[in-house]
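Reading the structure
Listed here are the chains, written in short residue letters.
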Amino acid sequence: MTTATDYEAAALKAGRELEEASAQEILRWAADTFGKRFCVTSSMEDAVVAHLASTVLPGVDVVFLDTGYHFPETIGTRDAVAATMPVNVITLTPKLSVAEQDAEYGPRLHDRDPDLCCSLRKVEPLNRGLGGYDAWATGLRRDESPSRANTPVVAWDAKRRKVKLAPIARWTQDEVDAYVQANGVLLNPLLWEGYTSIGCSPLSCTAKPGEGEAGRAGRWAGSGKTECGIHL
Ligand code: SF4
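Structurally, the position occupied by G139 is in the loop between β4 (135-137) and β5 (154-157). Sequence separation of G139 and V40 is 99 residues, and the distance between their C-alpha atoms is 8.6 Å.

Structure below.
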């Protein structure tokens, strides 16, 4: 029987050995090692990692967190991915609806305590949803922000005791754009409206970046918060 300790060692070894590997090679390793106990998470900003994973593991589970605060375009992208790609989209939801959260914590928690809001609507549902998997892949890239600059391609997610992959960690935005172009990958239409990073719809959580600002500058702008907590 494979234990978490075995997977931790395998993750550290793969992180070293696959540093220069292509995204498909990294995903192939995950498919061969974990099979159906591997999933991809997607914010539905684009379907790049879901597309890559579907080429090595058709029918792969693509996990989406429906916080209840998404833009309609994000839900539409999720539905288009489910309808047109050889993947199995799984939607996770928080324990509380937005109305129930408002009743318990007061309205607009995202403006008053975004860390708590993200914890309730993103971190807890993801932790619960990943229970059935040994490994998960994300679309994290090193060029997205300073906090992501050292993202390993394969790592041990000690909090969740799972292997965590970032198969496009080394990609640049130009490489993402080229892959999208070459493969007709679905994109969230908000990317054509000036958004460069798409999360929940409250303005305090997702705004269009200003002239010359970095891709994730519009996320929780001015609050000092840079991550929702899933990747911390
Ligand atoms: S991004 Fe904003 S609305 Fe979404 S869970 Fe976090 S604080 Fe709440």
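From this point, things continue past the structure.
A few words now on the site of the ligand. All residues adjacent to the ligand are Y69, H110, P114, C117, C118, R121, K122, C200, C205 and W220. Looking at which element gives the most residues to the shell around the ligand, the answer is helix α7 (residues 114-129), with five residues. Here the residues of the shell around the ligand sort into seven nonpolar, one polar and two charged.

Moving on to the packing of aromatic side chains. Aromatic ring pairs are reported here in terms of the distance separating the ring centres and the angle at which the planes meet. Using the criterion set out here, one finds four aromatic pairs in the structure. Judged by centre distance (5.6 Å) and plane angle (55°), the ring pair of W171 and Y179 falls under tilted. Both residues of the pair, W171 and Y179, belong to the buried class. An aromatic cluster of at least three residues, connected via ring pairs, comprises Y7, W29 and F34. Here the guanidinium or amino end of R219 rests over the ring plane of W220, the centre of that ring lying 4.8 Å away. Note that K225 overlies the ring of W220, its terminal NZ or CZ placed 4.9 Å from the centroid.

Paired through their backbone hydrogen bonds, the strands of a sheet run either parallel or antiparallel. Pairing within the open sheet is mixed, and its six strands lie in the order β3-β2-β1-β4-β6-β5. Strand pairing shows two members of the sheet lacking a second neighbour, β3 (87-92) and β5, which therefore form its edges. Across the sheet, the axes of successive neighbouring strands diverge by a mean angle of 30°, strand direction being ignored. Where β4 lies against strand β6 (residues 162-165), three bridges are found, and the strand directions are parallel. Its bridge partner lying in β6, W136 is registered against K164. Across the sheet, helix α1 (residues 4-17) touches β5 and β6, and the angle it forms with β5 is around 150°. Helix α2 (residues 23-34) contacts β1 (38-41), β4, β5 and β6 of the sheet and is inclined by roughly 160° relative to β6.

Criteria and thresholds
Once a new chain begins, its residue numbering starts again from 1 and follows that chain's sequence as written. The model is predicted, so local features are restricted to residues of pLDDT at least 70 and side-chain atom pairs to those at 80 or more, both for listing and for counting; the totals for chains, interfaces and linings are taken over all residues. Note that water and hydrogens are dropped before the side-chain values are worked out from all heavy atoms of the structure. Segments assigned H or I by DSSP are reported as helices when at least four residues long, segments assigned E as strands when at least two residues long, and all are numbered from the N terminus. Nearness is judged by heavy atoms alone; a residue qualifies as near a molecule or strand once a single heavy atom is within 4 Å of it. Gly is put with the polar residues, along with every residue not named as nonpolar or charged; the nonpolar set is Ala, Val, Leu, Ile, Met, Phe, Trp, Tyr, Cys and Pro, and the charged set is Asp, Glu, Lys and Arg. Under the pairing criterion, centres of Phe, Tyr and Trp rings, with the six-membered ring standing for Trp, must be within 6.5 Å; the plane angle then separates stacked pairs below 30 degrees from edge-to-face pairs above 60, leaving the rest tilted. Remark: exposure states derive from per-residue accessible area (1.4 Å probe, protein chains only) relative to the maximum for the residue type, with buried under 20%, exposed over 50%, and partly exposed in between. Only lysine NZ and arginine CZ atoms are considered, and such an atom sits over a ring when it is within 6 Å of the ring centre and within 35 degrees of the ring normal. A pair of strands is treated as paired once DSSP finds two or more bridges between them. Fitted lines through C-alpha atoms serve as axes, helices being fitted only where they are in contact, and the angles separating the N-to-C directions of these axes extend from 0 to 180 degrees. Only heavy atoms matter for contacts: two residues are in contact if any of them lie within 4.5 Å across the pair.

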